[in-house]
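Breakdown of the fold
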Amino acid sequence: MTCAPEQVDQVERLAEALDAADAVLVGAGAGLSTSAGLTYGGERFMRYFADFHAAYGIRDMYAGGFYPFATPEEYWAWWSRHIMVNRYDAPVGEPYRDLLRLLDGRDFFVLTTNVDHQFQRAGIDRARLCYLQGDYGLWQCSKPCHRDTYDNEAVVRRMAAEQRNMRVPSELLPRCPVCGAPMAMNLRIDGTFVEDAGWHAARARYEAFAEAHASDRLLLLELGVGGNTPGIVKYPFWRMAARNPRAFYACVNRGEAYAPRELGARALAPDADIGAVLRALCMLRGPQAARRSAHRADASPMRSALGPPPRPRGGPANRASTVRRPSRKSRRGRLFCRRAEGQARERTARTHFLPAPRRPLQDSPAPVYRIAPHLRHERCLPKRARRPRRR
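The following paragraphs examine the structure supplied in this document.

Reading guide: rules and limits
Residues numbered from 1 in each chain as written. Predicted model: local features only at pLDDT ≥ 70, side-chain atom pairs only at ≥ 80, totals over all residues. Heavy atoms only, no water. Helix = DSSP H or I, 4+ residues; strand = E, 2+ residues; numbered from the N terminus. Buried < 20%, exposed > 50% of the residue type's maximum accessible area, 1.4 Å probe, protein only. Contact = heavy atoms within 4.5 Å. Areas by Shrake-Rupley, 256 points an atom, 1.4 Å probe, with all protein chains shown as cover. Pairing = 2+ DSSP bridges. Axes fitted to C-alpha atoms, helices over the stretch in contact; angles between N-to-C directions. 1 Å grid on protein atoms, 1.4 Å probe; cavity = no way out; pocket = protein on both sides within 12 Å on 5 of 7 lines; lining within 4 Å. Points joined across faces, edges and corners; volume = space filled by probe spheres on them. Nonpolar A, V, L, I, M, F, W, Y, C, P; charged D, E, K, R; others polar. Parallel < 35°, antiparallel > 145°, perpendicular 65-115°, else oblique. Left-handed = near helix turned anticlockwise from the far one by under 90°. Patch = residues over 30% accessible without salt bridge, like charges linked within 9 Å, V, L, I, M, F, W, Y side chains within 5 Å. Salt bridge = Lys/Arg side-chain N within 4 Å of Asp/Glu carboxyl O.

On to the overall build of the chain, then. On a plain count of helices and strands, the chain comes out with 14 helices and nine strands. A burial count over the chain gives 43% of its 391 residues as buried. Within the chain, contacts between residues separated by at least 24 positions form 66% of all contacts whose residues are at least 6 apart in sequence. Only carbon and sulfur atoms are counted for the fraction: they give 50% of the accessible area of the chain, which is about 22300 Å².

Structural data, given as structure tokens:
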């Protein structure tokens, strides 16, 4: 999937902001996993849960997580299969790999509401990750009687393999090792969600990163965050962008891409597929592509995939489009490319990361100078208040 022609300029602006940023703070939501193919409805749901759909009328995986099953054997038959499909057996999505390529070698941190473990499986260091909504791979006490979580992979794999007629064997039902109560998923569904020591450590790392770059050229890259839990990623990102005049905010989400009007030129909202945008950014940031884009703006690999750019107005009379560029292989061509890259960086810093100049007051009254009687000699008056000399 490629970006539409009208979105190419937005992606190129995002690439410039990425290059000019001192640090990158990524906020990821469910839209990123959807772009990676981990959809919760449609053909993928029917492929794995056709029997649950026929027996219970469940229409998607999200609704199935809240279904009031009659027995715990049915409940864990659903959840074991759900965890296997979306956590342990799910392939790593290509958008996650592309994001890792873009962040490689940069100072970055990831804040996510996703619980499918895709970031860790793609290779992102856990020390650079904050997962506030839980994890499919963790269980907790349903009461809860204590603040610990437990890895569930071994038992979940047995449940998925041994379930029959949408029921798991009773001996596999998980129970709390402290109080004996039934175990539950470590997901933020209600007030019983357990925030364990790992959760608090990740939250502290996120807050430390945000504070350390509060006045730097920070790129706030929001990917696939909708209106379900905006208080975790979207609203904090808006506040950080408003407080830091050197920050740049980008929201990429098909059908839900928008940014505060107050940010002006320091915000960008491409209404496009996240995977297509990340792939286009990878193409733009490749070593050869970066040199081509600095050499000639319309020669990026994205534009070549979309066809030739529109002809500038004025036709052949526009001589700026017919100027011959020096070859990149020559010494003069290398100097030309280096100069063009420097000018692009300066233009990006000027446009995106410096505070906008203050607007002059409109219709402001002329200053009134009140002068003491003993200081009314003309030499004591300010220059703007002096009377013009007679010739």
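If you trace the three strands from one edge of the open sheet to the other, you get S5-S4-S6, paired in antiparallel fashion. Every other strand in the sheet has two partners, leaving strand S5 (150-151) and strand S6 (183-187) as the edge strands with one partner each. The pairing of strand S4 (residues 134-141) with S6 spans four bridges and is classified as antiparallel. Directly across from Gln-140, in S6, lies its bridge partner Ala-184. Strands in contact with helix H5 (residues 72-88) are S4, S5 and S6; relative to S4, the strand with the most contacts, it is inclined by about 145°.

Our next topic: empty space enclosed by the protein. One water molecule sets the probe size; rolling that probe over the atoms shows where empty space is left. All told, the structure shown has two cavities of 30 Å³ or more when counted by the stated rule. A total of three residues in the lining of the largest cavity trace back to one element, the largest contributor, which is helix H7 (residues 118-122). Looking at the lining of the largest cavity residue by residue, the classes come out as four nonpolar, six polar and two charged. Space inside the second largest cavity adds up to approximately 60 Å³. As for the second largest cavity, its lining consists of Leu-14, Leu-18, Leu-99, Leu-102, Leu-103, Leu-219, Leu-221 and Leu-281. Elements that contribute at least two residues to the lining of the second largest cavity include exactly helix H1 (8-20), helix H6 (94-103) and strand S7 (218-223). For the lining of the second largest cavity, the class distribution of residues is eight nonpolar, no polar and no charged.

Glancing now at the packing of H5 against helix H8 (residues 153-162). Closest axis-to-axis distance for the H5/H8 pair is 9 Å, and the angle between their directions is 115°. Compared by their axis directions, H5 and H8 come out roughly perpendicular. Relative to H8, H5 is oriented so that their crossing is left-handed. For the pair H5 and H8, the contacting residues are Trp-76, Ser-80, Ile-83, Met-84 and Tyr-88 in the first and Glu-153, Val-156, Arg-157, Met-159 and Ala-160 in the second. For the contact of H5 with H8, the per-class residue count stands at seven nonpolar, one polar and two charged.

Turning next to a nonpolar patch on the surface. Together, Tyr-62, Phe-66 and Ile-189 make up an exposed nonpolar region whose accessible area comes to about 340 Å². Following the sequence through the fold, Tyr-62 ends up in helix H4 (residues 61-64).

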